[in-house]
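Architecture at a glance
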Amino acid sequence: MCGCIFCKMASREIPANILYEDDLCMVFEDINPQAPIHLLVIPKKHITSLNDAGDEDGALLGHLLGAVARAAKEKKIDGSGYRTVINTNAEAGQTVFHLHIHVLGGRRLGWPPG
Ligand code: 5GP
Ligand code: ZN
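Being a predicted model, the structure only gives us computed values, none of them experimental. Numbering of residues starts from 1 in every chain and runs along the sequence as written. Think of it this way: whatever chain is written first is A, whatever ligand is written first is 1, and the rest follow in order. The predicted origin of the model limits local features to residues at a pLDDT of at least 70 and limits the giving and counting of side-chain atom pairs to 80 or more, whereas totals for whole chains, interfaces and linings rest on all residues. Note that water and hydrogens are dropped before the side-chain values are worked out from all heavy atoms of the structure.

Working definition: helices are DSSP H or I runs of at least four residues, strands are E runs of at least two. Numbering for both runs from the N terminus. Check the secondary structure of the protein and you find two helices and five strands. Along the protein, helices and strands appear, N-terminal first, in the series α-β-β-β-α-β-β. C-alpha atoms of the protein, sized along the principal axes, occupy 40 × 30 × 25 Å. Taking all 114 residues of the protein together, the buried fraction comes to 35%. Contact between two residues is taken to exist if any of their heavy atoms lie within 4.5 Å; hydrogens are not considered. Considering only residue pairs separated by 6 or more positions, the protein has 52% of its internal contacts joining residues 24 or more positions apart. Under the convention used here, a 1.4 Å probe and the Shrake-Rupley method define accessible areas, while residue burial counts only the protein chains that appear. Approximately 6800 Å² of the protein is accessible, and the part contributed by carbon and sulfur atoms is 52%. Residues scored as positive are Lys and Arg, those scored as negative are Asp and Glu, and His as well as the terminal groups of each chain are ignored. Charge positions are represented by NZ for Lys, CZ for Arg, CG for Asp and CD for Glu. In the protein, the 11 positive side-chain charges and the 13 negative ones have mean positions that sit 9 Å from each other. Type-normalised accessible area, obtained with a 1.4 Å probe on protein chains alone, sets the label of each residue: buried when under 20%, exposed when over 50%, and partly exposed for intermediate values.

Below is the structure:
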C-alpha cells in the first residue's frame, strides 16, 4: 500500500476541496494557503518529484500545466496574475514527495521568493 498523502487524496481516501478532476490529474485547495488563492495540481500517478518525471511523462506534465491555466481562469486570477511553483527536494522546501504544482494568486507576490 502506498502511504503517500496525495495518492490517498487522488483515491478519495483522504478528503480534499477539489476544484477539478479528470483521469490524469486533480486540482484542490492547499490546506495551509499562502495566498488568497492557493491550489495544488497533482498527477494521479505517483511521481515522487520533478526529478523522477521521465520522458514518458512529458504529455502528463503538459496536461498538468493545462489544468493550472484552467484553474486560474476558474478562480478569476488569470488576468491579475498568478505564480506556479514546483518545489523539488529539501532546499527548495518540498515536504510532500508526490509531484505537485502550487498555484498562488489573489495578492501581489514578491520576487525573488524566499
Ligand atoms: P511542498 O512543501 O511539498 O512544496 O508543498 C506541500 C503542500 O501540501 C503544502 O503547501 C501543504 O500545505 C500542502 N498539504 C500538506 N498536507 C495536505 C493535506 O492533507 N491536504 C491539503 N489540501 N494540502 C496539504
Ligand atoms: Zn503519491
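From this point, the discussion proceeds with the structure in view.
Another aspect to go through is the site of ligand 1. The criterion for a residue being near a molecule or strand is simple. One of its heavy atoms has to lie within 4 Å of it. Asp30, Asn87, Gly93, Thr95 and His102 are the nearest of the 16 residues found near ligand 1. Throughout this description, a polar contact denotes any pair of N or O atoms lying within 3.5 Å of each other; where both atoms belong to protein, one of them has to be capable of donating a hydrogen while the other can accept it, and for residues adjacent in sequence the pair is counted only when both atoms sit in side chains. Separating an oxygen atom of ligand 1 from a backbone N or O atom of Gly93 is a distance of 2.9 Å. Contact distances for ligand 1 include 2.8 Å between an oxygen atom and a side-chain N or O atom of His102. Relative to its unbound accessible area of 520 Å², ligand 1 is 83% covered by the protein chains. Elements with a contribution of two residues or more to the shell around ligand 1: α1 (5–10) and β2 (25–29). Examining the composition of the shell around ligand 1, we find that three residues originate from one element, α1, more than from any other. Classification used: nonpolar for Ala, Val, Leu, Ile, Met, Phe, Trp, Tyr, Cys and Pro, charged for Asp, Glu, Lys and Arg, polar for all others including Gly. A per-class count over the shell around ligand 1 returns seven nonpolar, seven polar and two charged.

So, about the pattern of salt bridges. The rule for a salt bridge is simple: a side-chain nitrogen of Lys or Arg has to be within 4 Å of a carboxyl oxygen of Asp or Glu. Under the criterion given, the structure shown has four salt bridges. One salt bridge connects Glu21 with Arg12, and the closest N-O pair in it is separated by 2.3 Å. The salt bridge partner of Lys44 is Glu21, with a shortest N-O separation of 2.7 Å. Here Glu21 lies in strand β1 (residues 18–21) and Lys44 lies in the loop between β3 (37–43) and α2 (58–74), a separation of 23 residues in the sequence. Looking at Lys44, the relative accessible area reads 25%, which means it is partly exposed. Three or more residues are tied together by salt bridges with common partners; here these are Arg12, Glu21 and Lys44.

Below, the discussion takes up the environment of Arg83. Mapping Arg83 onto the fold places it in strand β4 (residues 82–85). Along the primary structure Arg83 and Ile42 are separated by 41 residues, whereas in three dimensions their C-alpha atoms are 16 Å apart. Setting aside residues no more than four positions away along its own chain, Arg83 makes contact with His102, Val103, Leu104, Leu109, Gly110 and Trp111. Among the polar contacts made by the side chain of Arg83, one reaches the main-chain carbonyl oxygen of Gly110 at a distance of 2.8 Å.

Only Phe, Tyr and Trp rings take part, Trp by its six-membered ring, and two of them pair if their centres are within 6.5 Å. Stacked means planes under 30 degrees apart, edge-to-face means over 60, and tilted covers everything else. Counted under the stated rule, the structure contains one aromatic pair. Considering the side-chain rings of Phe6 and Phe28, the 5.5 Å spacing of their centres and the 80 degrees angle between planes classify their relative orientation as edge-to-face. Taken together, the residues span a long stretch of sequence, with Phe6 in helix α1 and Phe28 in strand β2 at a distance of 22 residues. Summarising the burial analysis for this pair, Phe6 and Phe28 share the class buried.

All we've got here are geometric facts, nothing functional implied.
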